[in-house]
Amino acid sequence: MNDKHTPTTPTLLRIDASARHQGSVSRQLADQIQARWHARWPQGRCISRDLAKEPVAQIENLTIEAFYTPTAQLSPAQRAATARSDELIAELKAAHTLLIATPIYNFAAPAALKAWIDQIVRMGQTFSYENGQFQGLVLRPRAVLALSYGAAGYQGPLAQMDFLRPYLSALLGFLGITEIQVISAEATTADAAIAAAQRRAAEAEITTLFAD
């Protein structure tokens, strides 16, 4: 089989955004997705970024200035301000698969995940703008989103309040990642039986990942 996604050594880049470790459904789903990925690519390696344990700093004025400064003109301070962004972008662009595991907080992405996003969405690095057109520059990885929702109904009555799944899907597409799969569990704070049923349904979907 010729897998267009596979570099010499496949790399899974895993991003965890939940503030919780014990009892985090998004982390539990991500563990199973990672195991499934390793079963498919046993020689692959995983780079894991736990944004709760090691938060990515919010971008500051100097960082933004450096983002819009030609590389040859960067001052030492500006180079230092973009060093973390350079590191995170290099990981992303080299990845075979991007796994983002996150809960929804107040209808949107956690601040920890947004901080990572603000460091990797960068003109000339992960997207370009020429002749009035945006072009994504992150062309290698596929993406899997492991999402958890405390309440039920985000694919029904609460759909208009879901600013997590559409946002992440649109953002990754903007960067050039066109193959995006979503594994989600709702009602994670509901009755234990309902929550368990939701997790089982999500786990069943995980078994179908990476079948190509």
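Residues numbered from 1 in each chain as written. Predicted model: local features only at pLDDT ≥ 70, side-chain atom pairs only at ≥ 80, totals over all residues. Heavy atoms only, no water.

Engineer: How do you make sense of the UniProt feature "binding site: FMN" (unreviewed entry) in the protein chain when you look at a structure like this?
Structural biologist: Residues annotated by UniProt as "binding site: FMN" (unreviewed entry) correspond here to Ser18, Ser24, Val25 and Ser26. As for its placement among the helices and strands, Ser18 is situated in the loop between β1 (11–16) and α1 (25–40). If sequence neighbours within four positions are ignored, Ser18 has contacts with Ser24, Ser26, Arg27, Ala52, Ala101, Pro103 and Tyr105. Within the local environment of Ser18, its side chain forms a polar contact with the backbone nitrogen of Arg20, the two atoms lying 3.1 Å apart. Among the secondary structure elements, Val25 is positioned in helix α1. A residue is classified by how much of its surface remains accessible, and Val25, at 7% relative accessible area, is buried. (UniProt positions renumbered as here; feature names shortened; annotations may be inferred. Helix = DSSP H or I, 4+ residues; strand = E, 2+ residues; numbered from the N terminus. Contact = heavy atoms within 4.5 Å. Polar contact = N/O pair within 3.5 Å; in protein donor to acceptor, adjacent residues only side chain to side chain. Buried < 20%, exposed > 50% of the residue type's maximum accessible area, 1.4 Å probe, protein only.)

Engineer: How do you make sense of the sheet that holds strand β6 (residues 142–148) when you look at a structure like this?
Structural biologist: Strand-to-strand pairing in sheets goes through backbone hydrogen bonds, with the strands running parallel or antiparallel. Reading across the sheet, the five strands line up as β2-β1-β3-β6-β7 and stay open at both edges, with parallel pairing between neighbours. Taken across any chain shown, the strands that pair with only one partner, and hence form the sheet edges, are β2 (45–50) and β7 (180–185). Across this sheet, the average inter-strand angle for adjacent strands is 15°, counted without regard to direction. Contacts from α1 reach β1, β2, β3 (97–103), β6 and β7, with the element oriented near 175° to β1. Where helix α5 (residues 111–120) meets the sheet, its contacts fall on β1 and β3, and the angle it forms with β3 comes to roughly 150°. (Pairing = 2+ DSSP bridges. Axes fitted to C-alpha atoms, helices over the stretch in contact; angles between N-to-C directions.)

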